[in-house]
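Listed below, chain by chain, are the residues.
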Amino acid sequence: MNTAKSLIRIATLVILGLTGLMLLLDSMENASELRWALHILVDLPIAALLLYLFHQLYQRWSATDKWLKAYNRWIQPE
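What counts, and at which threshold
- Residues numbered from 1 in each chain as written.
- Predicted model: local features only at pLDDT ≥ 70, side-chain atom pairs only at ≥ 80, totals over all residues.
- Heavy atoms only, no water.
- Salt bridge = Lys/Arg side-chain N within 4 Å of Asp/Glu carboxyl O.
- Helix = DSSP H or I, 4+ residues; strand = E, 2+ residues; numbered from the N terminus.
- Buried < 20%, exposed > 50% of the residue type's maximum accessible area, 1.4 Å probe, protein only.
- Axes fitted to C-alpha atoms, helices over the stretch in contact; angles between N-to-C directions.
- Parallel < 35°, antiparallel > 145°, perpendicular 65-115°, else oblique.
- Left-handed = near helix turned anticlockwise from the far one by under 90°.
- Contact = heavy atoms within 4.5 Å.
- Nonpolar A, V, L, I, M, F, W, Y, C, P; charged D, E, K, R; others polar.
- pLDDT = per-residue confidence, 0-100.

### Here's the deal with the pattern of salt bridges
- The full count for this structure, using the stated rule, is one salt bridge.
- A salt bridge links Arg9 to Asp65; the nearest nitrogen and oxygen atoms lie 3.7 Å apart. With Arg9 in helix H1 (residues 3-24) and Asp65 in the loop between helix H2 (33-61) and helix H3 (66-75), the pair connects residues that are 56 residues apart, well separated along the chain.
- Judged by relative accessible area, Arg9 falls into the buried class, the value being 14%.

### A word on the packing of H1 against H2
- Two elements in contact, H1 and H2, have axes whose closest approach is 8 Å; the angle formed by their N-to-C orientations is 150 degrees. Accordingly, the angle class assigned to the pair H1 and H2 is roughly antiparallel. For H1 against H2, the interelement crossing comes out left-handed. Along the contact surface, H1 presents Arg9, Thr12, Leu13, Leu16, Gly17, Thr19, Gly20, Leu21, Leu23 and Leu24, while H2 presents His39, Asp43, Leu44, Ile46, Ala47, Leu50, Leu51, Leu53, Phe54, Leu57, Tyr58 and Trp61.
- Tallied by class, the residues present in the contact of H1 with H2 amount to 15 nonpolar, five polar and two charged.

### Section: the environment of Pro45
- Its place among the elements puts Pro45 in helix H2.
- With 22 residues separating them in the primary sequence, Pro45 and Leu23 have C-alpha atoms 9.3 Å apart.

### Structural notes on the confidence of the model for the protein
- Chain-level pLDDT for the protein is 88 on average; 92% of the residues reach the 70-or-more range.
- Here H2 is the element of the protein with the lowest mean pLDDT, 89, and H1 is the one with the highest, 94.

Structure representation (structure tokens):
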């Protein structure tokens, strides 16, 4: 596994995760009814899809990518 591929994978995971979380946690303080409905119908399904893709890709890539394997070892309690 070469370093460039690992960096691209990590960048992809970061983008998917942060975008999904931003859409999921989008503040709705001053939203009108139409905006609230659009948030429920558009933003939340997209956020769920992005977070699902993040999870699936992380599971697949952490089995083969050396940097993600090292991260998994680092965060595992002993």
